[in-house]
Amino acid sequence: MSLSDRIWAWANPRKFMALSGAILPWAWGLAALCLGVGLIWGFAFTPDDFRMGSSVKIIYVHVPTAFIAINAWFMMLLASLVWLVRRHHVSALAARAAAPVGLVMTVAALATGAIWGKPMWGTYWAWDPRLTSFLILALFYVGYIALWEAVESPDAAADLTSVLCLVGSVFAVLSRYAAQFWNQGLHQGASLSLDAEENVADVFWQPLVLTLVGFGALFVALVLQRTRTEIRVRRLHSLKARARAEAPA
Amino acid sequence: MIDLGKYAFDVWLAYAVSLGLVGGLVVQTVLRARAVKRRLGEAEE
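Remember, predicted model here, so these are calculated numbers, not experimental data. (Residues numbered from 1 in each chain as written. Chains lettered and ligands numbered in written order. Predicted model: local features only at pLDDT ≥ 70, side-chain atom pairs only at ≥ 80, totals over all residues. Heavy atoms only, no water.)

Help me understand the overall build of chain A, please; the structure alone is not making it clear to me.
Along its length, chain A carries seven helices and zero strands. Secondary structure elements of chain A, listed N to C terminal, follow the sequence α-α-α-α-α-α-α. In terms of its C-alpha atoms, chain A occupies a principal-axis envelope of roughly 75 × 40 × 35 Å. For chain A, the proportion of its 249 residues judged to be buried stands at 48%. When contacts within chain A are restricted to residue pairs at least 6 apart in sequence, those whose partners lie at least 24 apart make up 76%. (Helix = DSSP H or I, 4+ residues; strand = E, 2+ residues; numbered from the N terminus. Buried < 20%, exposed > 50% of the residue type's maximum accessible area, 1.4 Å probe, protein only. Contact = heavy atoms within 4.5 Å.)

Just checking my understanding: could you explain the layout of surface pockets for this structure?
Once rolled over the atoms, a probe with the size of a water molecule shows which space is left empty. Residues and elements named next belong to chain A. Taken as a whole, the second largest pocket spans an internal volume of roughly 550 Å³. Taken together, 21 residues make up the lining of the second largest pocket; nearest its centre are Phe 16, Met 75, Val 90, Ser 91 and Ala 94. For the lining of the second largest pocket, the secondary-structure elements that each account for two or more residues are α1 (3-9), α2 (13-44), α3 (59-86), α4 (89-121) and α7 (202-246). Sorting elements by how many residues they give to the lining of the second largest pocket places α7 first, with five residues. Residues belonging to the lining of the second largest pocket are distributed by class as follows: 17 nonpolar, four polar and no charged. (1 Å grid on protein atoms, 1.4 Å probe; cavity = no way out; pocket = protein on both sides within 12 Å on 5 of 7 lines; lining within 4 Å. Points joined across faces, edges and corners; volume = space filled by probe spheres on them. Nonpolar A, V, L, I, M, F, W, Y, C, P; charged D, E, K, R; others polar.)

What am I meant to see in the interface of chain B and chain A here?
With 27 residues of chain B at the contact, the number on the chain A side is 35 residues. Carbon and sulfur atoms make up 78% of the area that chain B and chain A hide from each other, which totals about 2,900 Å². Ranking the residues of chain B by area buried against chain A places B:Tyr7, B:Tyr15 and B:Leu25 at the top, with a combined share of 21%. Remark: the boundary between chain B and chain A carries two salt bridges. The salt bridge partner of A:Arg235 is B:Glu44, with a shortest N-O separation of 3.0 Å. Here the residues of the side of chain B that touches chain A are counted per class, giving 19 nonpolar, three polar and five charged. (Buried area = accessible area lost by both parts, 1.4 Å probe. Salt bridge = Lys/Arg side-chain N within 4 Å of Asp/Glu carboxyl O.)

Structure (structure tokens):
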């Protein structure tokens, strides 16, 4: 069996349930550990910023939620492409499972950004490129979830939502790079970058990386858990349909 | 007690909102997972 065949074998629901069941406790544990340590470290044991004062502590919830909000959509895009090309049902269900997680992270990023914006910019909201593209991303999440609920046929719903996901990817990219593309507006550029010159100071950077890992692990745990639930719901529906078909008229 | 100065309300509010949203999602995810697993178990018996 080739490596490619071995990877695709995990798209089998039975194998996915076995693998995800083994990964889940580790993902939940890593998320709890990193978020517990990272958030307490960032909140209680980091100094105030010389310009932003103690409001800089909002970075430990704002940046990770924004990071997950954007990357959740890219994970959905990947899963949608797998569905469109290979027709693996688990990938379509994984994309569906990730959408509410992405929406909650987007709303959290928008809310914490607004709360941070008031003391720093003097306003909760501005039609800034990054803020606006993030708002549109949130609306795409809502539309994506609504489309899954609205279409009765699971395969048709997976097809339609996959196309919507492809279109929405434009706004996921814009959300990430809006500050650079337009080089205007209130929002700053990336807080973390592979280019060390752009990074925040080490004293803020270290707990921030820990919370990013924590939110990343939480995303993995939530998506795996919700995908397992979607697989079970699909199984439940097929059992009910079989029971109805076998019932005497 | 940590002294957050004049931004105390903003910092507490940001943490409360984000952790409330994420915590709610975790609780909803776990409760739905348990309920669906139980219903599937009953249906398979």
